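Secondary and tertiary structure notes
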Amino acid sequence: LAKTTQPISMDSYEGQEVNITCSHNNIATNDYITWYQQFPSQGPRFIIQGYKTKVTNEVASLFIPADRKSSTLSLPRVSLSDTAVYYCLVGDSYSDTDKLIFGTGTRLQVFP
Amino acid sequence: DTGVSQDPRHKITKRGQNVTFRCDPISEHNRLYWYRQTLGQGPEFLTYFQNEAQLEKSRLLSDRFSAERPKGSFSTLEIQRTEQGDSAMYLCASSSRQGLETQYFGPGTRLLVL
């Protein structure tokens, strides 16, 4: 499984756009990029997954450049409730082993 | 769909005691996972069931740890002779299909070993 590197923490204010970048230099051809969100005292929650270019859903957007060695999770107009830890995971989503390998994540703090 | 539930939510025990945690997955989810999370770290994989079969175990799962899923529904995780280093949040997740995006997590059981 490809190793990922993310900033340890980020601060933002309500209403701003937040971009969290994840580096995964040794990503494999079959690997997908998956992001989970974890609120305090809760289990992680899937937010978005992508393979290349751009993916958007009701929660976030995921930007993946052509070389796929990094990816950026974009949260539009954050609110206080977006304060959480965001994990970037890289792996083959269709392999027999779909256990999740989490790093330390990025702790996002949103201020009023 | 009531989500993944875990019981108890909190457990305080003395070193050397045995503890057992229960996970009830989303109904009809045949895949069930256990993870452990310590403060400031991401969750670490412990073990995985497909129906009642335990298909993968992490080397983190020492011989003091045992997990079961006897009827392919709920699962239990038992820790024997607890140690202070076992203090952590124990998370359960379930899914209905293969894929890194498919796991639904419960709220976890927070264990404190004194």
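Everything discussed here concerns the structure shown above.
All names here are of chain B. A surface patch of nonpolar side chains, amounting to about 300 Å² of accessible area, comprises Ile-12, Leu-112 and Leu-114. Of note, Ile-12 is situated in strand β2 (residues 10-13). On the basis of relative accessibility, which here comes to 59%, the residue Ile-12 falls in the exposed class.

Right, let's talk about the pattern of salt bridges for a bit. The tally for this structure, following the rule as stated, stands at six salt bridges over all chains. The salt bridge partner of Arg-31 of chain B is Asp-98 of chain A, with a shortest N-O separation of 3.1 Å. Here Arg-31 of chain B, found in strand β4 (residues 31-37), pairs with Asp-98 of chain A, found in the loop between β8 (84-92) and β9 (106-111), and the two come from separate chains. We note that Arg-31 of chain B, like Asp-98 of chain A, is buried. Close ionic contact of Arg-64 of chain B with Glu-83 of chain B constitutes a salt bridge, the shortest N to O distance being 3.4 Å. Of this pair, Arg-64 of chain B sits in the loop between β6 (53-57) and β7 (65-68) while Glu-83 of chain B sits in the loop between β8 (75-79) and β9 (88-95); the two residues are 19 residues apart in sequence, bridging distant segments of the chain. A cluster of three or more residues bridged by salt bridges with shared partners is formed by Arg-64, Glu-83 and Asp-86 of chain B.

Okay, the state of the cysteines next. Under the defined criterion, the tally for this structure stands at two disulfides over all chains. Here Cys-22 of chain A connects covalently by a disulfide to Cys-88 of chain A, the sulfurs 2.2 Å from one another. On the S-S bond that ties Cys-22 of chain A to Cys-88 of chain A, the torsion sits near -80 degrees, and the link is left-handed. Highlighted residues: Cys-22 of chain A in strand β2 (residues 18-23) and Cys-88 of chain A in strand β8, separated in sequence by 66 residues. In this structure, Cys-22 of chain A and Cys-88 of chain A share a single accessibility class: buried. Each sulfur of the disulfide joining Cys-23 of chain B and Cys-92 of chain B lies 1.8 Å from the other. Taking the sign of the S-S torsion, about -65 degrees here, the bridge from Cys-23 of chain B to Cys-92 of chain B comes out left-handed. Taken together, the positions of Cys-23 of chain B in strand β3 (residues 19-24) and Cys-92 of chain B in strand β9 put the pair 69 residues apart, joining distant regions of the chain. Both residues of the pair, Cys-23 of chain B and Cys-92 of chain B, belong to the buried class.

Residues and elements named next belong to chain B. Along the chain, Gln-50 falls in strand β5 (residues 44-50). Under the relative-accessibility criterion, Gln-50 is labelled partly exposed at 28%. Aside from chain neighbours lying at most four places away, what touches Gln-50 is Asn-30, Arg-31, Leu-55 and Arg-69.

Attention shifts here to the sheet that holds strand β6 (residues 61-64) of chain A. Residue and element names in this part refer to chain A. Across the sheet, which stays open at both edges, the four strands sit in the order β2-β7-β6-β5 with antiparallel pairing between neighbours. The open sheet has two free edges, formed respectively by β2 and β5 (53-56), since each of these has just one partner strand. In this sheet, neighbouring strand axes are inclined to one another by 15 degrees on average, regardless of whether the strands run parallel or antiparallel. One ladder, built from four bridges, connects β5 with β6; its direction is antiparallel. Looking at the pairing, Lys-54 lines up with Phe-63 of β6.

Another point: the pairing of β4 of chain B. Residues and elements named next belong to chain B. Where burial is concerned, most of β4 is hidden: seven out of the seven residues are buried. Because side chains alternate across β4, one face comprises the buried residues Arg-31, Tyr-33, Tyr-35 and Gln-37, and the other comprises Leu-32, Trp-34 and Arg-36, equally buried. Across six bridges, β4 lies against β5 in antiparallel orientation. Looking across to β5, one finds that Trp-34 is bridged to Thr-47. Between β4 and the antiparallel strand that follows it, β5, lie six residues; Gly-40 among them carries a positive phi value of about 80 degrees. In the sheet, β4 pairs with β9 via seven bridges, with the strands oriented antiparallel.

Parameters at a glance
Residues numbered from 1 in each chain as written. Chains lettered and ligands numbered in written order. Predicted model: local features only at pLDDT ≥ 70, side-chain atom pairs only at ≥ 80, totals over all residues. Heavy atoms only, no water. Patch = residues over 30% accessible without salt bridge, like charges linked within 9 Å, V, L, I, M, F, W, Y side chains within 5 Å. Areas by Shrake-Rupley, 256 points an atom, 1.4 Å probe, with all protein chains shown as cover. Salt bridge = Lys/Arg side-chain N within 4 Å of Asp/Glu carboxyl O. Helix = DSSP H or I, 4+ residues; strand = E, 2+ residues; numbered from the N terminus. Buried < 20%, exposed > 50% of the residue type's maximum accessible area, 1.4 Å probe, protein only. Disulfide = S-S within 2.5 Å. Contact = heavy atoms within 4.5 Å. Pairing = 2+ DSSP bridges. Axes fitted to C-alpha atoms, helices over the stretch in contact; angles between N-to-C directions.

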